[in-house]
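Spelled out, the chains give:
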Amino acid sequence: MPKALSESETEAFRARICTAAAKLFVEEGPAAITMRRLASELGCGTMTPYRYYDSKEEIITAVRTRGLNQMAEALENALDTPGDGRTRSRNVRDAYIDFARRDTATYRLMFEYPEANGNDPAYREAHARMWRCIAADTQVMIDEGIIEADAPILGHQVWAALHGAVMLEIAGLLPAGFDAAALHARTFVALMEGARPTHLKDKPGP
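These figures come from a predicted structure and were not determined experimentally.

### Remarks on the layout of surface pockets
- Empty space within the largest pocket amounts to approximately 220 Å³.
- Looking at the largest pocket, it is lined by 19 residues, and the ones nearest its centre are Ser89, Arg93, Val158, His184 and Phe188.
- Taken together, the elements giving at least two residues each to the lining of the largest pocket come down to helix H4 (85-102), helix H6 (121-143), helix H7 (151-171) and helix H8 (180-194).
- It is H4 that provides the largest number of residues to the lining of the largest pocket, a total of six residues.
- Partitioning the lining of the largest pocket into residue classes produces eleven nonpolar, four polar and four charged.
- Looking at the second largest pocket, its volume works out to about 150 Å³.

### Some remarks on the nonpolar core
- In terms of nonpolar packing, the biggest core is built from 26 residues, with Met71, Leu75, Tyr96, Tyr107, Met130 and Val166 touching the most fellow members.
- The set of elements that each furnish at least two residues to this core consists of helix H3 (56-79), H4, helix H5 (104-112), H6, H7 and H8.
- When near neighbours in sequence (up to four residues on either side) are disregarded, Leu75 contacts Val92, Ala95, Tyr96, Met130 and Cys133.
- Ala21, Ala22, Ala32 and Met35 belong to the second-largest nonpolar core, a separate cluster that totals 21 residues.

### Some words on helix H2 (residues 35-42)
- Here H2 has its buried residues at Met35, Leu38, Ala39 and Leu42. Seen from one end, H2 has its buried residues packed into an arc of 100 degrees, which puts them on one side. Facing away from the buried surface of H2 by more than 90 degrees, the exposed residues are Arg36 and Ser40.
- Elements that come into contact with the buried residues of H2 comprise helix H1 (7-28) and H3.

### Some thoughts on the packing of H4 against H6
- It is the contact of H4 with H6, at a shortest axis distance of 8 Å, that shows an interaxial angle of 150 degrees. The pairing of H4 with H6 is recorded here as roughly antiparallel in orientation. Here H4 and H6 pass one another in a crossing that is left-handed. Between H4 and H6, the residues in contact are Gly85, Arg86, Arg88, Ser89, Val92 and Tyr96 and Met130, Asp137, Val140 and Met141, respectively.

### Points about the packing of aromatic side chains
- Under the defined criterion, the tally for this structure stands at five aromatic pairs.
- Ring geometry for Tyr96 versus Tyr107: centroids 5.8 Å apart, planes at 85 degrees, classification edge-to-face. Of this pair, Tyr96 sits in helix H4 while Tyr107 sits in helix H5, placing them eleven residues apart in sequence. Each of the two residues, Tyr96 as well as Tyr107, counts as buried.
- Relative to Phe111, the ring of Tyr107 has its centre 4.9 Å away and its plane inclined at 55 degrees; by these criteria the two rings are tilted. Within this pair, Tyr107 and its partner Phe111 are both found in helix H5, separated by four residues, close to a single helical turn.
- A relative accessible area of 0% places Tyr107 in the buried class.
- A network of ring pairs unites the aromatic residues Tyr96, Tyr107, Phe111 and Trp159 as a single cluster.

### Side note on the side chain of Thr138
- In this fold, Thr138 is placed in helix H6.
- Beyond its immediate sequence surroundings of up to four residues, Thr138 is in contact with Ile147, Ala151, Leu154 and Gly155.

### Comments concerning the environment of Arg64
- Take Arg64: it is sitting in helix H3.
- Beyond its immediate sequence surroundings of up to four residues, Arg64 is in contact with Leu109, Met110, Tyr113, Pro114, Glu115, Ala116 and Tyr123.
- Within the structure, the side chain of Arg64 is placed 2.7 Å from the backbone oxygen of Met110, a separation counted as a polar contact.

What counts and how
- Residues numbered from 1 in each chain as written.
- Predicted model: local features only at pLDDT ≥ 70, side-chain atom pairs only at ≥ 80, totals over all residues.
- Heavy atoms only, no water.
- 1 Å grid on protein atoms, 1.4 Å probe; cavity = no way out; pocket = protein on both sides within 12 Å on 5 of 7 lines; lining within 4 Å.
- Points joined across faces, edges and corners; volume = space filled by probe spheres on them.
- Helix = DSSP H or I, 4+ residues; strand = E, 2+ residues; numbered from the N terminus.
- Nonpolar A, V, L, I, M, F, W, Y, C, P; charged D, E, K, R; others polar.
- Core = buried A, V, L, I, M, F, W, Y, C linked by side-chain atoms within 4.5 Å.
- Buried < 20%, exposed > 50% of the residue type's maximum accessible area, 1.4 Å probe, protein only.
- Contact = heavy atoms within 4.5 Å.
- Arc of directions from axis to C-beta.
- Axes fitted to C-alpha atoms, helices over the stretch in contact; angles between N-to-C directions.
- Parallel < 35°, antiparallel > 145°, perpendicular 65-115°, else oblique.
- Left-handed = near helix turned anticlockwise from the far one by under 90°.
- Phe/Tyr/Trp six-rings, centres within 6.5 Å; stacked < 30°, edge-to-face > 60°.
- Polar contact = N/O pair within 3.5 Å; in protein donor to acceptor, adjacent residues only side chain to side chain.

Interpretation in functional terms is not warranted from these geometric data alone.
Structure below.
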C-alpha cells in the first residue's frame, strides 16, 4: 500500500505534475501530455498521477489555476507599492513580464491551450482574481483623474497589448533593440493618451 502523504507532500507532488505538464506542452506539444508520459517524466508508477488528478484536462486546468493565482499575487504586490498610478502600473507591467520570463512554460500553457474545465470553481476564482487585478491597475489612474475609461475594458486593452509583446519576445520576433517592456511602453502611452479627459487633451501628457 502506498505511503500516505501529508498535505504539504501532496501539494508538492501536484506542483511537480503541473510543472512536468507545462514542460511537455512547450517542448513536444499538447499530445505529449498523457498520464503515462507524465508518470515517466516524474519517475513514478503509471497510475500514480491518477491519485492526484482524474484526467489530462484536470491537470491543464490545475496548471492554469496555479499560474493565474501566482501571476495575480505578483500583480497585486506590484500595485501595492508607493508612487502615482503610472508608476504603479509600470511595476505591474514589470511583474507580469517577470512571471512570463521566469515560468515561460506555465505562461504558454495558460494562454495557448484551449480552455478545459472552465467551470471548475478554483479556476473560475483564479480567473476572476486576475480580472480584478487588470481592472484595479487601471482604476488607480481613473481615481487620480488622469484618464477616463471603463476600468475593466481599458485594463483588458492594456493586458492584450502586454500579452502580445510578451509572446513576441518569447518567439524572438521583436524588433532589434526592443524587449517586451520597451515595446509595451509605447503602446501604453498611446492608450493613456486616448483615455485622457477632454479638459486635459490640450495639455502635455503626465
